[in-house]
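Observations on the model geometry
Residue strings, one per chain:
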Amino acid sequence: MSSERTDRRMLSSPPTTSSAAPHLPPTMTSDLRRVNMESFWREVRSIDEEIDEEGEEEEDEEQKSIDEVELEEAWLMEAGLSSLVTPSLSEEVPAPAEVLLSTLTRQQAATVRRRLDNYNQTLKTRNRQPIRDVRDVFTEPDDEPAQRCSPPPSPRAESSSSRYHTTTKTIRRKTHRVRSTLPPFVFEDQQHASTPTHTHSATRTHPLSVSWSRQADWLLRDSPYSEGVAEHRGCGTCRDCLRFHGTDGGDVPFVPVAPSQGLVSAEDLSPCDLTRLGFISHIELSTFLLALGVQTKRPRPPRRKTRDSGVFAVPLNSLLEKDKKKFPEVKVPVVFQKLLCTLEQTGLQTEGILRVPGSAARLKYLRGELDRCCAEFDWSAVRQVEAAGLLKLFIRELPTPLLTHTHLSTYRSVLGVSSVVHQVQALQLLSLLLPEENRETLRALLAFLRKVVSHQDQNRMSLWNVSMVMAPNLFTYSQGNKRSIAKQREEMEEAVGGAHLVRLMIIHQDLLWTVPSFLLSQVRQMNQASNQKQFDLTKAKRRLLRRKNDRNQITELCAGVIRVQAPLHTKVSMAIQLDEQMRAKDIITRFGCDHSSSVQHLYEVGGNICERRLHPDCLLLDVYRVNPRCDWLIKP
């Protein structure tokens, strides 16, 4: 039965560029020789035996690629451009699409145009009328880069207006006015590979304790990843490859930049900002991979059984919906947290943890007990190997994979990128595209796996061992019975490829949830453009607002002064003069929030952001310069 099973995710599907096995980066060729595959295939056999033991039946249908029309339509909808492929009463581009298109760079806009044009052309070949002609959206042809191998122009020499696409038909009259209201962003790329990236605060507040060559300061650039790799496709290398790759790229992580430099984690943004971040990340990821010469093709998701009750085979959002009735702030399913907690308390020093399988019969019994009544389950009776087995079983049986059906094929395509730094950048964009419940659960899992590796002297689980064991659970495989030599080689390369992805995510997990500066800049621009449309008020309303502003002039102090609101505290409001060194935690201290029963945070609200929770070490003057019209609020 296991040899015929076709519900095989991402890494078992053939590459889109050729029928051969995927080309692995140079950094992985030595790994093919030195990695012990025994742990990997033991895990695969264990998975197959558990499924056979339970007698589960999976639908045996061929994994087919999505129809081209469906593929392009799905891509445009995931990019927030559903109005371009659905009927509309308006002749012009609807407002949501107009706002999004106005924030794209030229390369990003070219990707959208290519997708929309391909969608329309495919419809025409099937005698179907396109919803919107590409000429109704874009008024000028996009110029392809003339030279692929020339160094990218410095952002200092390139103005913001020349970088961004401004040719959507309905916004040409307003684009310049909208952009001019947005303050310039302070992060710019370095001029030379040997010179650190400078901001007005970087050299002052963040003494480097590691080599700058491994500092992930590409997060601070105001230009997208896709703009810096145009020469990579033609020459096989680019500035980042030369700068960040030493003689041993190995397992040395890229070190995150200091929080004082203004970066934000995905969890610190409001749902509205996250939605817009997802649209732009989706477009940028496609543009980035295309610039690297990597093609992706999404297979049709297999139909899998979903349960409404119990713990296993239940969607993450359903589990969280139940958990939030008791724990409103929970972000990771309680049962998943319990499994991790059990392993952390008793299993980190256990030899072979995650690798040594538990009894299949015992796992079946424990699974039944958890499904029957998770709230009254006796966790003290669970051994370490059983907790590890339940953890992997929980991940495997999710109706929607932890990395989602939508993005599994894209994860596989990352293996076609020869540069580790670009692989990490692509994985970062993919992580930002995951639904919140998937992203937070993956985050908890990777944090646990890093703890397992940190105890490798006791548990004998190195980084590669952990990666090889977890890869079959995140990317399901089947050994099969009738395998040719070529098939065995392909399976081995796929196995090492999956382990390579898991390894990269464990090593660089602190970067995966960080929003690059250019993405946050584009979200701000999108908010600014959206807000501009709402300013079309009547003259009477404008006069009323002007009078109200006149009455409030007494509170409008000089530049660099903010008014912080703290409605839940004794001091409700306070005007504060910002200086170069003031951080968010300093404001919290002034309001006496250090002794509060709950942790208090400073939020940036309004202006060109919906809501953003500021890191305690964030420099406030930087935020003020980027968003001078925002409100400042203290709350949990």
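1. Looking at the overall build of the protein chain
- When its secondary structure is counted, the protein chain shows 27 helices and 7 strands.
- A burial count over the protein chain gives 52% of its 636 residues as buried.
- Taking the contacts inside the protein chain whose residues are at least 6 apart along the sequence as the reference set, 79% of them involve residues at least 24 apart.
- Taken as a whole, the protein chain presents about 29400 Å² of accessible surface, with 49% of it coming from carbon and sulfur.

2. Section: the packing of helix α13 (residues 316-323) against helix α19 (residues 436-454)
- Remark: α13 packs on α19, axes separated minimally by 9 Å, with the N-to-C direction vectors making an angle of 85 degrees. Regarding the angle of α13 to α19, the classification is roughly perpendicular. Counted together, Leu316, Asn317 and Leu320 of α13 and Glu437, Asn438 and Thr441 of α19 form the full contact between these two elements.
- Residues that form the contact of α13 with α19 fall into these classes: 2 nonpolar, 3 polar and 1 charged.

3. Quick word on the sheet that holds strand β3 (residues 561-565)
- With mixed pairing, 5 strands are arranged side by side in an open sheet as β4-β3-β7-β5-β6. Edge positions in the sheet fall to β4 (573-577) and β6 (609-613), since each of these pairs with one other strand and no more. Shown here is a sheet whose adjacent strand axes are inclined to one another by a mean of 25 degrees, direction ignored.

4. Structural notes on the packing of aromatic side chains
- Tallied over the full model, the rule gives 7 aromatic pairs.
- Between Phe312 and Phe394, the ring centres sit 6.2 Å apart and the planes meet at 70 degrees, which makes this aromatic pair edge-to-face. Highlighted residues: Phe312 in the loop between α12 (271-291) and α13 and Phe394 in helix α16 (residues 384-396), separated in sequence by 82 residues.
- When its relative accessible area of 0% is taken as the criterion, Phe312 is described as buried.
- Residue classification places Phe394 among the buried positions, given a relative accessible area of 1%.
- Counting every residue linked through ring pairs, the aromatic cluster contains Trp218, Tyr225, Phe254, Phe288 and Phe518.
- Over the face of the ring belonging to Tyr603 we find Lys635, whose NZ or CZ atom lies 4.7 Å from the ring centre.

5. A look at the state of the cysteines
- The full count for this structure, using the stated rule, is 0 disulfides.
- Among the cysteines around Cys373, which has no disulfide bond, Cys374 carries the closest sulfur, lying 7.9 Å off.

6. Focus: the environment of Gly293
- Along the chain, Gly293 turns up in the loop between α12 and α13.
- Between the C-alpha atoms of Gly293 and Gly416, which are 123 residues apart in sequence, the distance is 8.8 Å.

7. What about the pairing of β4?
- Burial of β4 is one-sided: the residues Met574 and Ile576 facing one way are buried, the residues Ser573, Ala575 and Gln577 facing the other way are not.
- Pairing analysis gives 5 bridges linking β3 to β4, with the strands arranged antiparallel. Counted as the bridge partner of Arg563 is Ala575 from β4.

8. Side note on helix α17 (residues 405-413)
- Most of α17 is tucked away: 8 of the 9 residues are buried.
- Along α17, the residues that are buried comprise His405, His407, Leu408, Ser409, Thr410, Tyr411, Arg412 and Ser413.

9. Considerations on the packing of helix α3 (residues 68-78) against helix α5 (residues 106-125)
- Here α3 crosses α5 at 145 degrees, and the two axes come no closer than 9 Å. Considering only the axes of α3 and α5, their crossing is left-handed. On α5, the residues that touch Glu68, Val69, Leu71, Glu72, Glu73, Trp75 and Leu76 of α3 are Thr111, Val112, Arg115, Leu116, Asn118, Tyr119, Thr122 and Leu123.
- Here the residues of the contact of α3 with α5 are counted per class, giving 8 nonpolar, 3 polar and 4 charged.

10. Points about the pairing of β3
- The pairing of β3 with strand β7 (residues 631-635) spans 2 bridges and is classified as parallel. Paired with Val564 across the strands is Trp632, a residue of β7.

11. Examining α13
- When we look at burial in α13, the residues that qualify are Leu316, Leu319, Leu320 and Asp323. One side of α13 carries all its buried residues, which in axial view fall inside an arc of 95 degrees.
- Summarising the contacts, the buried residues of α13 are in contact with α14 (334-346), α16 and α19.

12. A word on the side chain of Ser286
- Tracing the backbone shows Ser286 in helix α12.
- Here Ser286 falls in the buried class, since its relative accessible area comes to 18%.
- Non-local contacts of Ser286, meaning those with residues more than four positions away in its chain, are made with Trp75, Thr111 and Arg115.

13. Notes on the side chain of Glu284
- Locating Glu284 in the fold gives a position in helix α12.
- There is no salt bridge for the buried Glu284, and the closest opposite charge comes from Arg221, which lies 9.9 Å off by N-O distance.
- At a separation of 2.8 Å, a polar atom in the side chain of Glu284 contacts the side chain of Gln108.
- Excluding residues within four positions of it along the chain, Glu284 makes contact with Gln108, Pro224, Tyr225, Ser226, Leu429 and Phe518.

14. Focus: the environment of Thr406
- Checked against the element boundaries, Thr406 lands in helix α17.
- Taking relative accessible area as the criterion, Thr406 reaches 27% and is therefore assigned partly exposed.
- Spatially, the C-alpha atoms of Thr406 and Arg298 are 7.2 Å apart, while their sequence positions differ by 108 residues.
- Discounting residues that sit within four places of it in the chain, Thr406 has contacts with Glu78 and Arg298.

Basis of the calculations
Residues numbered from 1 in each chain as written. Predicted model: local features only at pLDDT ≥ 70, side-chain atom pairs only at ≥ 80, totals over all residues. Heavy atoms only, no water. Helix = DSSP H or I, 4+ residues; strand = E, 2+ residues; numbered from the N terminus. Buried < 20%, exposed > 50% of the residue type's maximum accessible area, 1.4 Å probe, protein only. Contact = heavy atoms within 4.5 Å. Areas by Shrake-Rupley, 256 points an atom, 1.4 Å probe, with all protein chains shown as cover. Axes fitted to C-alpha atoms, helices over the stretch in contact; angles between N-to-C directions. Parallel < 35°, antiparallel > 145°, perpendicular 65-115°, else oblique. Nonpolar A, V, L, I, M, F, W, Y, C, P; charged D, E, K, R; others polar. Pairing = 2+ DSSP bridges. Phe/Tyr/Trp six-rings, centres within 6.5 Å; stacked < 30°, edge-to-face > 60°. Lys NZ or Arg CZ within 6 Å of the ring centre and 35° of its normal. Disulfide = S-S within 2.5 Å. Left-handed = near helix turned anticlockwise from the far one by under 90°. Arc of directions from axis to C-beta. Lys, Arg positive; Asp, Glu negative; His and termini not counted. Salt bridge = Lys/Arg side-chain N within 4 Å of Asp/Glu carboxyl O. Polar contact = N/O pair within 3.5 Å; in protein donor to acceptor, adjacent residues only side chain to side chain.

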